[in-house]
Amino acid sequence: MLILPKLKREAMHKFLPVCEPMLIGNELKYVSDAVSSGWISSAGSYVTAFEKAFAEYCGVKHGIAVCNGTVALHLALRALGVRPGDEVIIPDFTMIASALAVCYCGAKPVFIDADIATWNMDISAVEQYITPATKGIMAVHIFGNPCDMTALQRIADRHGLWLMEDAAEAHGAIYHGKKAGALSRIAAFSFFANKNITTGEGGMVVTDDDELAASCRYFKNMCFPLDAPRTYLHADIGYNYRMSNLHAAIGLAQTEKANDYKALRQAHGKQYRERLYTIPGVLLQEDTTGSESVNWMNGLVITPDYGHSRDELIAHLRDHGIDTRLFFNGMHRQPALKAFGCHCEGDYPVSDMLADNGFYLPSSSTLQESDIDHICDVIAAFRR
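Residues numbered from 1 in each chain as written. Predicted model: local features only at pLDDT ≥ 70, side-chain atom pairs only at ≥ 80, totals over all residues. Heavy atoms only, no water.

A look at the overall build of the protein
And then number 1: Each helix and strand in the protein was counted, giving 12 helices and 14 strands.
And then number 2: Against the globule reference of 21 Å for 384 residues, the protein gives a C-alpha radius of gyration of 21 Å, in line with a compact fold.
And then number 3: Summarising its shape, the C-alpha atoms of the protein cover approximately 70 × 55 × 35 Å along the three principal directions.
And then number 4: Scored against the burial criterion, the 384 residues of the protein give a buried share of 57%.
And then number 5: Partitioning the intrachain contacts of the protein with sequence separation of at least 6 by distance along the chain shows that 72% fall at a separation of at least 24.
And then number 6: Carbon and sulfur atoms make up 54% of the accessible area of the protein, which totals about 16,300 Å². (Helix = DSSP H or I, 4+ residues; strand = E, 2+ residues; numbered from the N terminus. Rg over C-alpha atoms; globule rule 2.2 N^0.38 Å. Buried < 20%, exposed > 50% of the residue type's maximum accessible area, 1.4 Å probe, protein only. Contact = heavy atoms within 4.5 Å. Areas by Shrake-Rupley, 256 points an atom, 1.4 Å probe, with all protein chains shown as cover.)

Quick notes on the environment of Trp-162
And then number 1: Following the sequence through the fold, Trp-162 ends up in strand E5 (residues 162-166).
And then number 2: According to the relative accessible area criterion, Trp-162 is buried, its value standing at 10%.
And then number 3: Along the backbone, Trp-162 and Thr-134 are 28 residues apart, and their C-alpha atoms lie at a distance of 9.7 Å.
And then number 4: Setting aside chain neighbours within four positions, we find Trp-162 in contact with Leu-77, Leu-80, Val-82, Val-88, Lys-135, Gly-136, Ile-137, Ala-156 and Arg-185.
And then number 5: For Trp-162, the side chain forms a polar contact with the main-chain oxygen of Lys-135, separated by 3.2 Å. (Polar contact = N/O pair within 3.5 Å; in protein donor to acceptor, adjacent residues only side chain to side chain.)

Observations regarding the pairing of strand E14 (residues 358-361)
And then number 1: Summarising the sheet, strand E12 (residues 298-302) and E14 pair through four bridges and their orientation is antiparallel. Residue pairing for E14: Val-301 is matched across the bridge by Gly-358.
And then number 2: With two bridges connecting them, strand E13 (residues 325-326) and E14 associate as antiparallel partners. The residue bridging Arg-325 from the neighbouring strand is Tyr-360, located in E14. (Pairing = 2+ DSSP bridges.)

With respect to empty space enclosed by the protein
And then number 1: The final tally for this structure, using the stated rule, is two cavities of 30 Å³ or more.
And then number 2: Empty space within the largest cavity amounts to approximately 150 Å³.
And then number 3: What lines the largest cavity is a set of 14 residues, and nearest its centre among them are Arg-273, Gln-285, Asn-295, Asn-298 and Gly-299.
And then number 4: Residue assignment for the lining of the largest cavity shows that the elements contributing at least two residues are helix H8 (258-276) and E12.
And then number 5: With four residues, the single largest contributor to the lining of the largest cavity is H8.
And then number 6: Taken together, the residues of the lining of the largest cavity sort by class into six nonpolar, six polar and two charged.
And then number 7: If you add up the space inside the second largest cavity, you get close to 40 Å³.
And then number 8: Each residue belonging to the lining of the second largest cavity can be placed in one class, and the counts come to three nonpolar, three polar and three charged. (1 Å grid on protein atoms, 1.4 Å probe; cavity = no way out; pocket = protein on both sides within 12 Å on 5 of 7 lines; lining within 4 Å. Points joined across faces, edges and corners; volume = space filled by probe spheres on them. Nonpolar A, V, L, I, M, F, W, Y, C, P; charged D, E, K, R; others polar.)

Overview of the side chain of Asp-92
And then number 1: Along the polypeptide, Asp-92 turns up in the loop between strand E2 (87-91) and helix H4 (97-104).
And then number 2: The buried charged residue Asp-92 lacks any salt bridge partner; its closest oppositely charged side chain belongs to Arg-333, at an N-O distance of 6.9 Å.
And then number 3: Apart from the residues within four sequence positions on either side, Asp-92 is in contact with Phe-111, Ile-112, Asp-113, Asn-329, Gly-330, Met-331, His-332, Tyr-348 and Ser-351. (Lys, Arg positive; Asp, Glu negative; His and termini not counted. Salt bridge = Lys/Arg side-chain N within 4 Å of Asp/Glu carboxyl O.)

A look at the packing of aromatic side chains
And then number 1: Evaluation of the coordinates by the stated rule reveals 22 aromatic pairs.
And then number 2: Residues Tyr-218 and Phe-219 carry aromatic rings whose centres are separated by 5.1 Å and whose planes lie at 70° to one another, so their mutual orientation is edge-to-face.
And then number 3: For the pair Tyr-306 and Phe-382, a centre-to-centre distance of 6.5 Å together with 50° between the ring planes defines the contact as tilted. Taken together, the positions of Tyr-306 in the loop between E12 and helix H9 (310-319) and Phe-382 in helix H12 (residues 369-382) put the pair 76 residues apart, joining distant regions of the chain. In this pair, the class of Tyr-306 matches that of Phe-382, namely buried.
And then number 4: Through successive ring pairs, a cluster of aromatic residues spans Phe-93, Trp-119, Phe-143, Trp-296, Phe-327, Phe-328 and Tyr-360.
And then number 5: When the ring centre of Tyr-57 is taken as reference, the NZ or CZ atom of Lys-179 above it lies at 3.6 Å.
And then number 6: If you follow Arg-230 out to its NZ or CZ, it ends over the ring of Phe-224, 3.9 Å from the centre. (Phe/Tyr/Trp six-rings, centres within 6.5 Å; stacked < 30°, edge-to-face > 60°. Lys NZ or Arg CZ within 6 Å of the ring centre and 35° of its normal.)

Right under this line is the structure:
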């Protein structure tokens, strides 16, 4: 079991942030080594080491490090051949990066309402949105809870579609014995500072497909040839999506402790569920059958039985030094996506319910049991 270092908690119950990074491994050592070596660009050895270590952690052959999770999604879609006129099915309840990456390809994201229990895409609704323009399905593992990938793969196979994962929130999550990232043809991760594994800013594409991996490496580096001298003649429109050696050094150190951080988040999720489950008016996310969530964020939805609104509870928590964040607004509500020409009409009742009544609580790996007890005590005492 990971023993946490003595953290400065004297004023912790005056303010509990939603999420802060845990950096208790070799981060400083590796970054100092990268600086001392002079290799601070994307050409350093830590990039390759991080790619290899994270791919092995996910159980796949290839890792392609990039500068953030959004471009990881774009790169994966570009490798899959998504182009203008195509449609890609995504959940309505997700971070807007999932949709923007599709838009970057000139394609259109098509939105599916959320499942009331898991908060992931409602798989029963997917097939009615498939058209001749549909090329694939992007499964998003919301808050680290894996989608039902077996059911989605069946749909994809039936209609000749590809299936990919937006695993930005799901480092180490398991579905039927396999980790997120190894559940589809290609997957994208984020290493933003609030993720279970972080590089500050960064992302990774992972895949078992040699051709997709080569395509990602080609396009992420402005389409310089992979196995030929640089003539500075470019055959395709590429991107500068490279990760620096400094960020990769942090990522390698984080990956070395990935199982420890995962265990901490899962323990926190278990404690939250045990404390909040019995409070009337508090609705919690349910794990997908056969899965193991990594509890990236611990969210809850407030129903009328609680006696106060979601916003009243958030204000009360803030008064007690407890930080929170609202859930995502549904993609069908996004002005930018409407202006882009996405089909945003129709009803998305579950997505709307989650957006209007949901929020998440402090979920850092650094949390102590006493912090979670304090948060849950405040929530329980405020109910009327």
